[in-house]
Amino acid sequence: MVVARRPLLTATAAATLLAALWFVPSANATDEPAGAPGAQSGPAATAGDSAAGPRLADTGTGIDTTPYLIGGVAFLGIGAAFVSHSARRAHALSA
């Protein structure tokens, strides 16, 4: 039985990516604290804070996102180069 390698490689790469993304943690804002029911794990809530509703987790100050931006742009450029190369190659083969 002859198996085409390119679709098999693509499926393997997609499955690997999905498996890796499965383990990425997520942060959800909830009304309930993470500890025991009725226990406050953060700073004491004041009367003004309770009317505001659920709050997102405090991630700190001064997070530098430059490496993520550079990495994202680099991967976007590499992906665009692969698509362009494939399009040129397919056009050259059909001509």
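Residues numbered from 1 in each chain as written. Predicted model: local features only at pLDDT ≥ 70, side-chain atom pairs only at ≥ 80, totals over all residues. Heavy atoms only, no water.

What about the overall build of the chain?
- Along the backbone of the chain there are 3 helices and 0 strands.
- N-terminal to C-terminal, the α/β element order of the chain is α-α-α.
- Considering the chain as a whole, with its 95 residues, one finds that 0% of them fall into the buried category.
- Entry remark: accessible area of the chain is about 9000 Å², with carbon and sulfur atoms responsible for 67%. (Helix = DSSP H or I, 4+ residues; strand = E, 2+ residues; numbered from the N terminus. Buried < 20%, exposed > 50% of the residue type's maximum accessible area, 1.4 Å probe, protein only. Areas by Shrake-Rupley, 256 points an atom, 1.4 Å probe, with all protein chains shown as cover.)

Structural notes on helix H1 (residues 5-22)
- Here H1 contains 18 residues, and its C-alpha end-to-end distance of 26 Å stays within 8% of the 26 Å for a straight helix at 1.5 Å per residue.
- Summarising burial for H1: 0 of the 18 residues are buried, a small minority. (Expected span 1.5 Å × (residues − 1).)

As for the confidence of the model for the chain
- Across the chain, the average pLDDT comes to 76, with 64% of residues at or above 70.
- Per-element confidence in the chain ranges from a low mean pLDDT of 54 for helix H2 (residues 47-50) to a high of 90 for helix H3 (residues 66-94). (pLDDT = per-residue confidence, 0-100.)

Comments concerning a nonpolar patch on the surface
- A contiguous nonpolar patch, built from Leu17, Leu21 and Val24 and spanning about 290 Å² of accessible area, is present on the exposed surface.
- Structurally, Leu17 can be placed in helix H1.
- On the basis of relative accessible area, Leu17 is assigned to the exposed category, the value being 52%. (Patch = residues over 30% accessible without salt bridge, like charges linked within 9 Å, V, L, I, M, F, W, Y side chains within 5 Å. Salt bridge = Lys/Arg side-chain N within 4 Å of Asp/Glu carboxyl O.)

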